[in-house]
Structures are given as structure tokens and as C-alpha cells.
Amino acid sequence: MYDYDLLVVGSANADLVIGVERRPGAGETVLGSDLAVHPGGKGANQAVAAARLGARTALLARVGDDDHGRLLLDSQREAGVDTVGVLVGDAPTGVALITVDPSGDNSIVVSPGANGRLTPGDVSAAGCLFQSSKVVSTQLEIPLETVVEVVRNLAPDSRFVLNPSPPRPLPPEVLAACDPLIVNEHEAKVILGDSAVGDTPEDWARILLAKGPRSVVVTLGSEGALVASAEGVSRVASVKVRAVDTTGAGDAFTAALAYRLGAGESLAEAAAYAARVGAATVTKRGAQESFPTAAEVTALCGAAPGDKPRTPGRGPGSDSASGEQGGAA
């Protein structure tokens, strides 16, 4: 019996967020809102998102011995995440500088800090966590050699989920373990590199599959997602909502999909649920504070794909936010 539905191995950052009327161009300065500090990082985000949905979740990460590190630990514990794998020290906590425009779109610059000190040795020393987890999820805000070590420490029957963000070319050993590899358009094109042929997500997914992953998911923003495996390629619709902030939506999508795969759902079923989780996320500001509970996702499921934009728990066409957006960022 597994102790955890999901083990997340990845980054933990303090998100420093400023709202702007528009993002600055090169050499330009613009005025923004007051600075807001939130717990974030793709790894920490995924762990909180999964725990909010009811998953038994653990996090393997590294933070600094500073105020930002304590903020992150507190947020994980408040969400119900087991932090036994969170290491403290060696460098300041990572920081993400985020600007959000009125449409909810964001731009992010990350200073890795302690995330860059999460080593292969840290992974191998946490073998008991890997043996106790149904699904292991990671990203690329930690060193690539650490991600390789994650693959080498997977339990025989566990499933590996990778969102390669920020994207970079991946070694065959990592690609072969992905089930699925979750990418957006930009990430797909970076990984494909010179292999990029065709202009549709279906083309990208088929070429990515040929590189070794057991399955691939391409997120399509307001259009939902596309899933691909040896069984074929299909699209999954999302629910239309009024977006206020897309920060963290991709992390919520990945966490939800990983959790539901561990619960025994098919890839298409898990992706459909994950798209709704992502849609619920963009209706609130921030990252972790925007992640929905299972009850909020159920409320959103009252809307069929293609309905007028809505907010979870409210009627179709609610005007509480701006910017139509789907759930798979």
C-alpha cells in the first residue's frame, strides 16, 4: 500500500507579484501595483494543488533558512502536504518576479536560489519517499541531473509525470520514463527543436511520442488539452471562465492530472478533470491561494464545455472577472 498518492520533486519559490497596465519593453520602466509576496515555485505549487484536491501528497524540495523559506513551509503544512522531504539551508530561498497584466496574462523571471542546490544526492537519500508514492511529478526549475536521478529512483510500479518548464532538451532516459510528458506550445517546440514538423498540436504530440515518452499531453489554454499515447490522439475540452490571473494554472493542471492518474483514471479522463481544475484556478488571483478544492471543481463541472464564461460556484455568465480563458495554461 502506498503512503502517498503523489510525490512532487521540484522548486519552492517566493512569488513577488506586481500588477501592471502593460508589460515593459526593452529599456522601458512602467509603474505597477503594490508588491505582493506569495508562496510559489512549480514544485511547491503542484504539491499544494494536489493536497487541496484531497491527494495524500509529499514534497521533496530545498528552501533557504529565511523568511521566504518559512513562508513556503507554512503554506505546505497548511494545505496538508507532508514536508518531511523539504530540506533547509545552503542558499537563499528561490524567488520568482512576476508581472500580471489586466487580462490575467503573466511574465515570470526566476532566481533559483536553494532550488539549484537540490542535488542527485538529496534524491537518492529520499528513497523511502519514492517507494511510498504512486505517482512522482517533477519540473525543470531544479537541476536536470537531479531530474535524471528522480527517474532512476522510481519505484517499479510508480508513474512519472514531467512538465518540462522552463523547457530545455531532455535526455532519452528522462523522456522514456514520462507517462505523460506535459507541455504547452512553447515547451513542445523547444523540446522538438529541429524535429519540429507541422503546425498543429496533433503533429507536435506525435513527434514527441516518437522521441520516447509513453504518453504526451499538450495543454491548449482556452481550448483545453490534447492527449496522445500508443492508443491514439484526442482532444479534451475545457470549461470557459473569466480569467483574472493565469499564474499557477499549469501547475494546478499537472497536479490534478497526476493525482487522477494515480487514482486509476485513463489519461483522457484525468486530463479532462485537470482542465477543469486549471479553469477554476484562473478565476482567482495568485498561485497557491487560487487552487480549488475538490468541491469547487465539482461546482464548476455543472458547466458543459462551451458554456458562457463563469466562476466556480456562480451562475453562467458571471461578470466577476475579465478575460475569457480555459483551464490548461
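Overview of the structure. (Residues numbered from 1 in each chain as written. Predicted model: local features only at pLDDT ≥ 70, side-chain atom pairs only at ≥ 80, totals over all residues. Heavy atoms only, no water.)

A word on the sheet that holds strand β3 (residues 36-40)
- Judged by pairing direction, the sheet is mixed, and its four strands sit side by side in the order β3-β2-β6-β7 without closing on themselves. The strands lining the two open edges of the sheet, one partner per strand, are β3 and β7 (106-111). Averaged over all pairs of adjacent strands, the angle between strand axes in this sheet comes to 25 degrees, irrespective of strand direction.
- On the sheet, helix α2 (residues 67-79) packs against β2 (13-19), β3 and β6 (94-100) and is oriented at approximately 55 degrees with respect to β3. (Pairing = 2+ DSSP bridges. Helix = DSSP H or I, 4+ residues; strand = E, 2+ residues; numbered from the N terminus. Axes fitted to C-alpha atoms, helices over the stretch in contact; angles between N-to-C directions. Contact = heavy atoms within 4.5 Å.)

Some remarks on helix α7 (residues 185-192)
- Of all the residues in α7, the buried ones are E187, A188, I191 and L192. One face of α7 carries all of its buried residues, which in axial projection span an arc of 130 degrees.
- As for α7, its buried residues are in contact with β10 (178-183) and α8 (201-210).
- The N-cap residue of α7 is N184: its side-chain oxygen and the backbone nitrogen of H186 are 3.2 Å apart.
- After α7 finishes, the residue G193 shows a positive phi value of roughly 55 degrees. (Buried < 20%, exposed > 50% of the residue type's maximum accessible area, 1.4 Å probe, protein only. Arc of directions from axis to C-beta. Polar contact = N/O pair within 3.5 Å; in protein donor to acceptor, adjacent residues only side chain to side chain.)

Let's talk about unusual backbone geometry
- Of note, the bond from S165 into P166 is cis; its omega dihedral lies within 30 degrees of zero at -5 degrees.
- Turning to its location among the elements, P166 is positioned in the loop between β9 (159-162) and α6 (172-177).
- Look at the link from D179 to P180: it is a cis peptide, with omega at 15 degrees.
- Tracing the backbone through its elements, the reader meets P180 in strand β10.

Description of the packing of helix α1 (residues 42-52) against helix α9 (residues 249-262)
- Two elements in contact, α1 and α9, have axes separated by 8 Å at closest approach and are oriented at 55 degrees. By the angle between their directions, the pair α1 and α9 is classed as oblique. The element α1 and its partner α9 pack so that their crossing is right-handed. Two secondary-structure elements touch here, α1 through K42, N45, Q46, A49 and A50 and α9 through D251, A252, T254 and A255. (Parallel < 35°, antiparallel > 145°, perpendicular 65-115°, else oblique. Left-handed = near helix turned anticlockwise from the far one by under 90°.)

Re empty space enclosed by the protein
- A complete count under the given rule lists one cavity of 30 Å³ or more for this structure.
- Its boundaries defined by the atoms lining it, the largest cavity holds a volume of some 30 Å³.
- Surrounding the largest cavity, A12, L59, V63, G69, L72, L73, Q76 and V86 form its lining.
- Within the residue set of the lining of the largest cavity, elements represented by two or more residues are β4 (57-63) and α2.
- The dominant element in the lining of the largest cavity, judged by the number of residues it contributes, is α2, at four residues.
- Along the lines of polarity and charge, the residues of the lining of the largest cavity split into six nonpolar, two polar and no charged. (1 Å grid on protein atoms, 1.4 Å probe; cavity = no way out; pocket = protein on both sides within 12 Å on 5 of 7 lines; lining within 4 Å. Points joined across faces, edges and corners; volume = space filled by probe spheres on them. Nonpolar A, V, L, I, M, F, W, Y, C, P; charged D, E, K, R; others polar.)

Some details on the packing of aromatic side chains
- Enumeration over the complete set of coordinates arrives at zero aromatic pairs.
- If you follow R260 out to its NZ or CZ, it ends over the ring of Y273, 3.8 Å from the centre. (Phe/Tyr/Trp six-rings, centres within 6.5 Å; stacked < 30°, edge-to-face > 60°. Lys NZ or Arg CZ within 6 Å of the ring centre and 35° of its normal.)

Here's the deal with the side chain of S133
- Tracing the backbone shows S133 in strand β8 (residues 133-138).
- If sequence neighbours within four positions are ignored, S133 has contacts with Y2, Y4, L7 and S158.

Structural notes on the nonpolar core
- Counting residues in hydrophobic clusters, the biggest one holds 43 residues, and the most contacted among them are L53, L59, V217, F253, L257 and V277.
- Where this core is concerned, the elements lending two or more residues are β1 (4-9), α1, β4, α2, β12 (225-229), α9 and α10 (267-281).
- When residues of this core are assigned to their parent elements, the largest contribution, eight residues, is made by α9.
- Residues in contact with V277, not counting those within four places in the same chain, are L53, A252, A256, P292 and V297. (Core = buried A, V, L, I, M, F, W, Y, C linked by side-chain atoms within 4.5 Å.)

Points about the packing of α9 against α10
- Where α9 contacts α10, the two axes come as close as 8 Å, and the packing angle between them is 145 degrees. α10 is crossed by α9, and the crossing has right-handed handedness. Taken together, the residues of α10 that come into contact with α9 (itself represented by A249, A252, F253, A256, L257, R260 and L261) are L267, A270, A271, Y273, A274, A275, V277, G278 and T281.
- A breakdown of the residues in the contact of α9 with α10 according to their chemical character gives 13 nonpolar, two polar and one charged.

Here's the deal with the pairing of β1
- When you tally the buried positions in β1, you get six out of six residues, the bulk of the element.
- Note that β1 and β4 share four bridges and pair parallel. By the bridge assignment for β4, L6 is matched with T57.

Some points on the pairing of β10
- The buried fraction of β10 is high, at six of six residues.
- The sheet contact formed by β9 and β10 spans two bridges and is parallel. Residue pairing for β10: F160 is matched across the bridge by C178.
- Chirality of the crossover, the property in question, places the unit of β9, α6 and β10 among those that are right-handed.
- Here three bridges tie β10 to strand β11 (residues 215-219), and the two strands are oriented parallel to one another. Bridge assignment links L181 to a residue of β11, and that residue is V216. (Right-handed = clockwise from strand over helix to strand, strands pointing away.)

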